[in-house]
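# Inside the fold
So the chains spell out like this:
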Amino acid sequence: MKQFFITATDTDAGKTFASCALIHALTKDKKVAAFKPISAGCELIDGVLINEDAKLLSKFANCEQSITHINPIAFKQPIAPHIAAKKENTQISLTQLTHHFDKVKSLNADITLVEGAGGWRLPLGQSSLDALPQDGNETLNDENKRPAYQFLSDFVKASKLQVILIVNMKLGCLNHALLTYETIKADGVDCIAWIANCAVGESMNNLSENISELELLLPIPKIAQFDYIADIDEEGHEVSFYQKINLAAQHINLAPLLV
Ligand SMILES: Nc1ncnc2c1ncn2[C@@H]1O[C@H](COP(=O)(O)OP(=O)(O)O)[C@@H](O)[C@H]1O
Ligand SMILES: [Mg+2]
C-alpha cells in the first residue's frame, strides 16, 4: 500500500492536473484512491460544498469514493483555508485530517494519492485554541517568537507520505523548486520524485535549460515533463480535460514510484 502526497512550487502549478494524470496511469492495473483533505473554493450543490479538484480526482480514481470522502474539509471562498476556517469560527486540526485520512485508508487501495493545497507550507492555523492564554495573547513558540502554528506539511510528516513535487516551469521556478525540496527534506519527509509541468500556454524562455538545471540540482528522478496542452489542437478540435490527462499520463515514468 503506497501513499503519495502531491505538492507544488505554488498554487495553480498543476497539482490537480498531475494528480489526475498519475491516477489515470496507475489505474491501468492498480486500485487507486484519492484524497484532497482541504479545499477552499467550492460550489454549494444540494447543501454540499463541492470542490472542482475533488470532482476531477473522483473521475479518475477507481475506489468509488464520494466527493466528500475525497474532500472532507471544504470552504466556499477561494482563500487561504485557515483564514476561511477562522471566518467560520472553526479550526482545521491534525487530528481531524488524520481521522478523515483513516477513512480513505480503510479502502485498502494499492495506492492512495493525496493532493495538497497551495504549496508545501500551507498553514492550518494555531496549534490549539485551547492553548491561548487567558489574557488573549498569542501562544508564542520560544524559538522564533511566532505563534505555534500547524501546517499541512505536519500531516504529511505524521502520515509518512512520500512526496512528489510538481514544478510549474516559469521564471523563478528554480528558486521555488529548490526551496521547496530543501524544506521537505529538512522537515524529515521523503521527497521521491518531481514533475516538470508547463501550466500556462506561453512556454518559458530556455525551458530545456531550466529543466536541465533542475535535473542537476534535485537529487531525485524527474518522472515526467508535461507540455502545456491547449484547449484546441492543431487541427482546430476541442481537447477535453480527459483527453489532456490521457495524453499526459502516457509520459509518466512510474517505475521510481513503484519500487
Ligand atoms: N500541462 C498542462 N496543460 C494544460 N493545462 C494545464 C497543464 N497543467 C495545468 N493546467 C491547467 O492549469 C490550471 C491550474 O492547474 P491545477 O492542476 O488546477 O493547479 P493546482 O492544483 O496546483 O492549483 C488548471 O486549469 C489546469 O487544467
Ligand atoms: Mg488543485
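Below or above, wherever it landed, is the structure these notes cover. Throughout, residues of each chain are indexed from 1 in the direction in which the sequence is written. Chains carry letters from A onward and ligands carry numbers from 1 onward, assigned in written order. With pLDDT at 70 or above as the cut-off, local features in this predicted model cover only qualifying residues; side-chain atom pairs require 80 or more to be listed or tallied, and sums for whole chains, interfaces and linings still use all residues.

## Quick look at helix H5 (residues 94–105)
For the record, the criterion: Put simply, DSSP H or I for four residues or longer makes a helix, DSSP E for two residues or longer makes a strand, and each gets a number counted from the N terminus. Helix span is expected to be 1.5 Å times the residue number reduced by one. Between the buried cut of 20 or more and the exposed cut of 12 or fewer other C-beta atoms within 10 Å of a residue's own C-beta lies the partly exposed class, and all C-beta atoms are placed from the backbone. As used here, the arc is the angular range of directions from the helix axis to the C-beta atoms. Residue pairs are scored as contacts if the distance between their C-beta atoms, which are placed from the backbone, is within 7 Å.
End to end, H5 covers 16 Å across 12 residues, agreeing with the expected 16 Å (1.5 Å per residue, within 8%). When we look at burial in H5, the residues that qualify are Leu 97, Phe 101 and Val 104. Looking straight down H5, one finds its buried side chains confined to an arc of 50°; they lie on one side. Residues of H5 that are exposed and angled more than 90 degrees away from the buried face: Thr 95, His 99, Asp 102 and Lys 103. Buried residues belonging to H5 abut strand E2 (32–35), helix H3 (67–70), strand E7 (111–115) and helix H6 (152–158).

## A word on the sheet that holds strand E1 (residues 2–8)
The condition that has to hold: Paired strands are those between which DSSP finds at least two bridges. A fitted line through C-alpha atoms serves as each axis, taken over the contacting stretch for helices, and the angle formed by two N-to-C directions is quoted from 0 to 180°.
The six strands lie next to each other as E2-E7-E1-E12-E13-E14, forming an open sheet whose pairing is parallel. The open sheet terminates on both sides in strands that have one partner only, identified here as E2 and strand E14 (222–226). The average angle at which neighbouring strand axes cross in this sheet is 20°, direction not considered. When strand E12 (residues 162–168) meets strand E13 (residues 191–197), the two strands line up parallel, connected through six bridges. In the sheet register, Asn 168 faces E13, and the bridge partner there is Asn 197. On top of the sheet, helix H1 (residues 15–26) reaches E1, E2, E7, E12, E13 and E14; it is set at about 170° to E7, its chief contact.

## Some words on the site of ligand 1
The following threshold applies: We count a residue as near a molecule or strand when its backbone-placed C-beta atom lies within 6 Å of that partner. Ten residues, namely Ala, Val, Leu, Ile, Met, Phe, Trp, Tyr, Cys and Pro, are considered nonpolar, four, namely Asp, Glu, Lys and Arg, are considered charged, and the remaining ones, Gly among them, are considered polar.
Around ligand 1, the surrounding shell holds 16 residues, and the nearest of these are Gly 14, Lys 15, Thr 16, Phe 17 and Ala 199. In terms of residue count, H1 provides more of the shell around ligand 1 than any other element does, three residues in total. Looking at the shell around ligand 1 residue by residue, the classes come out as eight nonpolar, four polar and four charged.

## Comments concerning the packing of H1 against helix H9 (residues 241–249)
Helix-helix packing: each pair is described by the crossing angle between the helix axes and the interaxial distance. Note the following rule: Roughly parallel covers angles under 35 degrees, roughly antiparallel covers those over 145, roughly perpendicular covers 65 to 115, and oblique covers all other angles. Put simply, a crossing is left-handed when the front helix is turned counterclockwise from the back one by less than a right angle, and right-handed when it is turned clockwise.
Where H1 meets H9, the closest approach of the two axes is 8 Å, and the angle between their N-to-C directions is 65°. On the basis of the axis angle, H1 is roughly perpendicular to H9. Pair H1 / H9 crosses with right-handed handedness. Where H1 approaches H9, its residues Cys 20, Ala 21, His 24 and Ala 25 are matched on the opposing element by Ile 245, Asn 246, Ala 248 and Ala 249. Within the contact of H1 with H9, the residues separate by chemical class into six nonpolar, two polar and no charged.

All we've got here are geometric facts, nothing functional implied.
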